[in-house]
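# Architecture at a glance
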Amino acid sequence: MQTVKTVQKLREKIHHEKSQGKRIAFVPTMGNLHDGHIALVHKAKSLSDFVVTSIFVNPMQFGQNEDLDSYPRTLDADSDKLIAAGNNLLFTPTPEVIYPQGLERQTQVIVPFVTELHCGASRPGHFTGVSTVVNMLFNMVQPHVAVFGEKDYQQLAVIRKMVKDLQMPVEICGLPTQRANDGLALSSRNGYLSSQERKIAPTLYQTLQQSLQQLKNQTHTPETVAQEAISTLEAAGFSVDYFNIVDSETLQPATVSTKKTTILAAAFLGKTRLIDNISL
Ligand code: PAF
């Protein structure tokens, strides 16, 4: 696996592969790779002839009081995992490469509507940071297909909308959430959990499963499902940011005419913010 740090080197390498007729798949990440990321690389391999993974901790998507500085940077271990997974090219730009004029002067990509609720409401500016950097990375890599995890359900919806609205010639593939044996969604932020919090953390997914069952059985209204779930989570020690029952496509609150329903949840365990989702 070759590692490149500049856009020029990246473009040269990809141009060479494309000139040989190869189909390029792209996996954008912020590093600190776990089995969830590696599953994205395996999926990307199954969809292409040449896989490019990027590792870039994107400052634009972190709020002022968020964990940008403490976000784990584990490049050597990440490289080893990518080599073992059969990744072909690793792109590791610095912030100066991505934002040469600084964040303030950077042109931004704003995706409306789908960003308004849920994480968009709790983390103002977060999705503009995501859509801006993903747009730039797509322009740099110019992949045929890009693979994202469904754990970040709203992020995937934002990227799908950006690609559709801006007529970007890239196929977006979503991969189901990878979980630990006890159901906890794999996430780089799980590493922040204390051993006690780690024991409590699977309650988030268990509660989502329970709520889904209640919706299926039609024993509760969506409002009472959400209220009960929030009480369960708070009793277990979570501080709930949101627990929202939504239309899977629009991410607007589900109504009687909603065809497909998804439950989106975010909750803090101590200082760690966990997100997860489940679909009917
Ligand atoms: O999901 C992530 O790791 C990041 O939001 C992404 C898509 C790599 C953009 O920085």
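Before any of the text, the structure's been laid out above.
Quick look at the pairing of strand E8 (residues 261-269) now. With eight of nine residues buried, E8 is to be regarded as a mostly interior element. Where strand E7 (residues 239-247) and E8 come together, eight bridges link them in antiparallel fashion. Bridge assignment links Ser 239 to a residue of E8, and that residue is Phe 268. As defined by bridge partners, E8 adjoins strand E9 (residues 272-279) across eight bridges and the pair is classed as antiparallel. Paired with Ile 263 across the two strands is Ile 278, which belongs to E9. Between E8 and the antiparallel strand that follows it, E9, lie two residues; Gly 270 among them carries a positive phi value of about 60°.

Strand order in this open sheet of three strands is E7-E8-E9, and the pairing throughout is antiparallel. Pairing within the sheet leaves two strands with one partner each, and these edge strands are E7 and E9. Across the sheet, the mean angle separating the axes of adjacent strands is 10° when strand polarity is ignored.

With that settled, consider the site of the ligand. Close to the ligand lie Pro 28, Thr 29, Met 30, Asn 58, Gln 61, Val 133, Val 134, Phe 148 and Gln 155, which account for all nearby residues. One of the side-chain nitrogen or oxygen atoms of Gln 61 is found 2.6 Å away from an oxygen atom of the ligand. Within the side chain of Gln 155, one N or O atom sits 2.7 Å away from an oxygen atom of the ligand. Alone, the ligand offers 290 Å² of accessible surface; in the complex the protein occludes 89% of this. Elements represented by at least two residues in the shell around the ligand include exactly strand E2 (24-29) and helix H6 (126-141).

Below, the discussion takes up the side chain of Ser 48. For Ser 48, the location among the structural elements is in the loop between helix H2 (35-47) and strand E3 (50-55). At a separation of 2.8 Å, a polar atom in the side chain of Ser 48 contacts the main-chain carbonyl oxygen of Ala 44. Residues contacting Ser 48, with those up to four places away along its chain left out, are Arg 23, Ile 24 and Ala 25.

Attention now moves to the packing of helix H9 (residues 203-217) against helix H10 (residues 222-236). Running from N to C, H9 and H10 point in directions that differ by 160°, and their axes come no closer than 10 Å. On the basis of the axis angle, H9 is roughly antiparallel to H10. Relative to H10, the crossing made by H9 is right-handed. Mapping the contact onto sequence places Thr 203, Leu 204, Thr 207, Ser 211, Gln 214 and Leu 215 in H9 and Pro 222, Val 225, Glu 228, Ala 229, Thr 232, Leu 233 and Ala 236 in H10. Within the contact of H9 with H10, the residues separate by chemical class into seven nonpolar, five polar and one charged.

Turning to the sheet that holds strand E6 (residues 171-175), a few remarks are in order. Two pairing modes exist for strands in a sheet, parallel and antiparallel, and in both the strands are linked by backbone hydrogen bonds. Read across the sheet, six strands follow the order E1-E4-E3-E2-E5-E6 without closing on themselves; strand pairing throughout is parallel. For this open sheet the edge positions go to strand E1 (2-4) and E6, each flanked by a neighbour on one side alone. Taken pair by pair, the neighbouring strands of this sheet meet at an average axis angle of 25°, ignoring direction. As judged from the five bridges shared by strand E5 (residues 145-149) and E6, these two strands associate in the parallel manner.

With that out of the way, let us pick up empty space enclosed by the protein. If a probe the size of a water molecule is rolled over the atoms, the empty space left behind becomes visible. This model, assessed by the stated rule, comprises two cavities of 30 Å³ or more. Reported here for the largest cavity is a volume of approximately 50 Å³. For the lining of the largest cavity, the secondary structure elements donating two or more residues are H9 and E9. Tallying contributions element by element places E9 first for the lining of the largest cavity, with three residues. A class-by-class count of the residues in the lining of the largest cavity yields seven nonpolar, two polar and two charged. Within this model, the second largest cavity holds a volume of roughly 40 Å³.

Thresholds applied
- Throughout this document, residue positions are counted from 1 along each chain, in the order its sequence is written.
- In view of the model being predicted, local features appear only for residues whose pLDDT reaches at least 70, and side-chain atom pairs are presented and counted only at 80 or more, with totals across whole chains, interfaces and linings using the full set of residues.
- Computation of side-chain values covers all heavy atoms of the structure but excludes hydrogens and water.
- Whether a residue is buried, partly exposed or exposed follows from its accessible area with a 1.4 Å probe, protein chains only, as a fraction of its type maximum: under 20%, in between, or over 50%, in that order.
- Helix and strand labels come from DSSP, where a helix needs a run of H or I of at least four residues and a strand needs a run of E of at least two; each type is numbered from the N terminus.
- Two strands make a pair as long as DSSP finds a minimum of two bridges between them.
- In this analysis an axis means a line fitted to C-alpha atoms, helices contributing only their contacting stretch, and an angle means the value between N-to-C directions, from 0 to 180 degrees.
- One heavy atom within 4 Å of a molecule or strand is enough for the residue carrying it to be called near that molecule or strand.
- Any pair of nitrogen or oxygen atoms within 3.5 Å is treated as a polar contact; in protein, a donor-acceptor pairing is required on top of that, and neighbouring residues in sequence qualify only through side-chain atoms on both sides.
- Using the Shrake-Rupley algorithm and a 1.4 Å probe, accessible areas are obtained, with residue cover drawn only from the displayed protein chains.
- The contact criterion used throughout is that any non-hydrogen atoms of two residues lie within 4.5 Å.
- When an angle is under 35 degrees it counts as roughly parallel; over 145 it counts as roughly antiparallel; between 65 and 115 it counts as roughly perpendicular; any other value is oblique.
- For a crossing to be left-handed, the near helix must be turned anticlockwise from the far one by less than a right angle; the clockwise case is right-handed.
- Lys, Arg, Asp and Glu make up the charged group, whereas Ala, Val, Leu, Ile, Met, Phe, Trp, Tyr, Cys and Pro make up the nonpolar group; the residues left over, Gly among them, are polar.
- Of the grid points, spaced at 1 Å and generated over the protein atoms alone, those admitting a 1.4 Å probe that cannot get out make up cavities, while open sets with protein on both sides within 12 Å along at least five of seven lines make up pockets; any residue with an atom within 4 Å of a point is treated as lining.
- Grid points are joined across faces, edges and corners, and a volume is the space filled by probe spheres set on the points.

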